[in-house]
Amino acid sequence: RENFIHLCNPHLEKMKEDILYHFALGTGTHDFPALFGDVKFVCVGGSPSRMKAFIAYIAEELGLGSPGCDYPNICAGTDRYAMYKVGPVLSVSHGMGIPSISIMLHELIKLLYHAKCSNITIIRIGTSGGIGLEPGSVVITRQSVDATFKPQFEQVILGKTVIRSTNLDEQLAKELMQCSKEIGQFNTVIGNTMCTLDFYEGQGRLDGAICLYNEEEKLQYLKEAYDSGVRNIEMESSVFAAMCNLSGVKAAVVCVTLLNRLEGDQISSSHDVLVEYQQRPQKLVGYFIKKSLGKV
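What counts, and at which threshold
- Residues numbered from 1 in each chain as written.
- Predicted model: local features only at pLDDT ≥ 70, side-chain atom pairs only at ≥ 80, totals over all residues.
- Heavy atoms only, no water.
- Helix = DSSP H or I, 4+ residues; strand = E, 2+ residues; numbered from the N terminus.
- Buried < 20%, exposed > 50% of the residue type's maximum accessible area, 1.4 Å probe, protein only.
- Contact = heavy atoms within 4.5 Å.
- Lys, Arg positive; Asp, Glu negative; His and termini not counted.
- Charge placed at Lys NZ, Arg CZ, Asp CG, Glu CD.
- Expected span 1.5 Å × (residues − 1).
- 1 Å grid on protein atoms, 1.4 Å probe; cavity = no way out; pocket = protein on both sides within 12 Å on 5 of 7 lines; lining within 4 Å.
- Points joined across faces, edges and corners; volume = space filled by probe spheres on them.
- Nonpolar A, V, L, I, M, F, W, Y, C, P; charged D, E, K, R; others polar.
- Core = buried A, V, L, I, M, F, W, Y, C linked by side-chain atoms within 4.5 Å.
- UniProt positions renumbered as here; feature names shortened; annotations may be inferred.
- Polar contact = N/O pair within 3.5 Å; in protein donor to acceptor, adjacent residues only side chain to side chain.

S.K.: Would you mind going over the overall build of the chain with me for this structure?
M.R.: The secondary structure content of the chain amounts to seven helices and 12 strands. Taken along its principal axes, the extent of the C-alpha atoms in the chain is 55 × 50 × 35 Å. The buried share among the 296 residues of the chain stands at 49%. Taking the intrachain contacts of the chain between residues at least 6 apart in sequence as the baseline, contacts between residues at least 24 apart amount to 75%. Between the mean site of the 28 positive side-chain charges and the mean site of the 32 negative ones, the chain shows a separation of 6 Å.

Take a look at the structure:
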């Protein structure tokens, strides 16, 4: 059964042309079905360089590219986001924080709609702070929760507060967990992910420019988060889950933990160790894509 993108915006049908400004793409200048119609998997992450590395990795894994091959940035006309494609896989950067990923997702969802894509799976791969986990552990998000541990995304629209669900696809999470077991290279858990509005005070750090609470209060808060089911903290998952839900897209969040926040705030691992950690979500999602395509 074909499952197409659902657009929650009747105004788009009245537009002669849809300009995806932050992608430097438009329906009047680009043939979306020809460029993107075969896409089945979309992987998004904060860093442009990481998403370029991912497309090179997945190309090699799927046998679709030659070693050392360069993949052009489809969004080269803008410096906001980067986008790469190989076969049925699209790799897109989203920047840092809810506002940045929200803008990207509005245009990405429209791109997939205009391209007439069906049966899409979107996965956010990224980094996070862990709670009660060894650094390097991978967390597959059960549901994204806010800073009060509620599974919701709250946004003010036309002066009114709108609350949206942040549940993610349960079956997809289970499939990813099974893939991690088959890989058997790193610790992986399914847990709630807390999505915050900033990196410092919003996550209870003691090392920002402003901090008006003490270490005891910080640890109490993080332990409350752990007791509620939270296993990691990042800054994009809530709006990602909410927008994918509204668009009828199967979605998951897979993040590696760079540190255990119960033991500190600063990321002190060496560059080489961090690079290896950051490859873990790529390996897991790459294996999932290969398995989905019958290439394992």
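Alright, that's what it looks like, and here's the rest.
S.K.: Help me understand helix H2 (residues 48-62), please; the structure alone is not making it clear to me.
M.R.: At 3.6 residues per turn, the α-helix brings residues three or four places apart onto the same side. Under the 1.5 Å per step criterion, the end-to-end length of H2 is 21 Å for 15 residues, consistent within 8% with the ideal 21 Å. Contact partners of the buried residues in H2: strand S3 (41-45), strand S4 (83-86), strand S5 (89-93), strand S6 (121-130) and helix H7 (271-292).

S.K.: In this structure, what is going on with the layout of surface pockets? I would like to understand it.
M.R.: Gaps between atoms show up when a probe of the same size as a water molecule is rolled over them. Of the volumes computed, that of the largest pocket is approximately 440 Å³. What lines the largest pocket is a set of 18 residues, among which Cys-8, Asn-9, His-106, Arg-164 and Met-243 lie closest to the centre. Of all the secondary structure elements, the ones that give two or more residues to the lining of the largest pocket are helix H3 (98-114), strand S8 (152-157) and helix H6 (237-246). Split by residue class, the lining of the largest pocket holds nine nonpolar, six polar and three charged. Contributing to the lining of the second largest pocket are 21 residues, with Met-96, Thr-127, Phe-199, Met-235 and Glu-236 lying nearest its centre. When residues of the lining of the second largest pocket are traced back to their parent elements, those giving at least two are S6, strand S11 (230-234) and strand S12 (250-260). A per-element tally of the lining of the second largest pocket places S6 first, with four residues. Broken down by class, the residue content of the lining of the second largest pocket amounts to seven nonpolar, nine polar and five charged.

S.K.: Got a minute to help me understand the nonpolar core in this structure?
M.R.: Soluble globular proteins: nonpolar side chains tend toward being buried together. If you look at the biggest cluster of nonpolar residues, it comprises 41 residues, and the most contacted ones within it are Phe-23, Val-42, Leu-108, Leu-111, Leu-112 and Phe-240. Of all the secondary structure elements, the ones that give two or more residues to this core are helix H1 (32-36), S3, S5, H3, H6 and S12. Here this core takes eight residues from H3, the largest share from any one element. With near-sequence residues (within four places) excluded, Leu-111 lies in contact with Leu-20, Phe-23, Leu-25, Phe-32, Phe-36, Met-83 and Leu-90. Ile-58, Ala-82, Ile-125 and Val-256 belong to the second-largest nonpolar core, a separate cluster that totals 36 residues.

S.K.: I would appreciate a short explanation of the environment of Ala-76 in the present structure.
M.R.: Mapped onto the elements of the fold, Ala-76 is located in the loop between H2 and S4. Accessibility expressed as a relative area gives 60% for Ala-76, which makes it exposed. The spatial distance from the C-alpha of Ala-76 to the C-alpha of Thr-196 is 30 Å, given a sequence separation of 120 residues.

S.K.: So what exactly am I meant to see when it comes to the UniProt feature "domain: Nucleoside phosphorylase" (unreviewed entry) in the chain here?
M.R.: Mapped onto this structure's residue numbering, the UniProt feature "domain: Nucleoside phosphorylase" (unreviewed entry) falls at residues 40-289. Split by type, residues 40-289 is 35% helix and 27% strand. Its first and last C-alpha atoms lie 9 Å apart.

S.K.: Looking at this structure, I do not really get the side chain of Asp-265. What am I missing?
M.R.: Tracing the backbone shows Asp-265 in the loop between S12 and H7. For Asp-265, the side chain forms a polar contact with the side chain of Lys-218, separated by 2.8 Å. Excluding residues that lie within four positions of it along the chain, Asp-265 makes contacts with Gly-204, Arg-205, Leu-206, Asp-207, Lys-218 and Leu-259.

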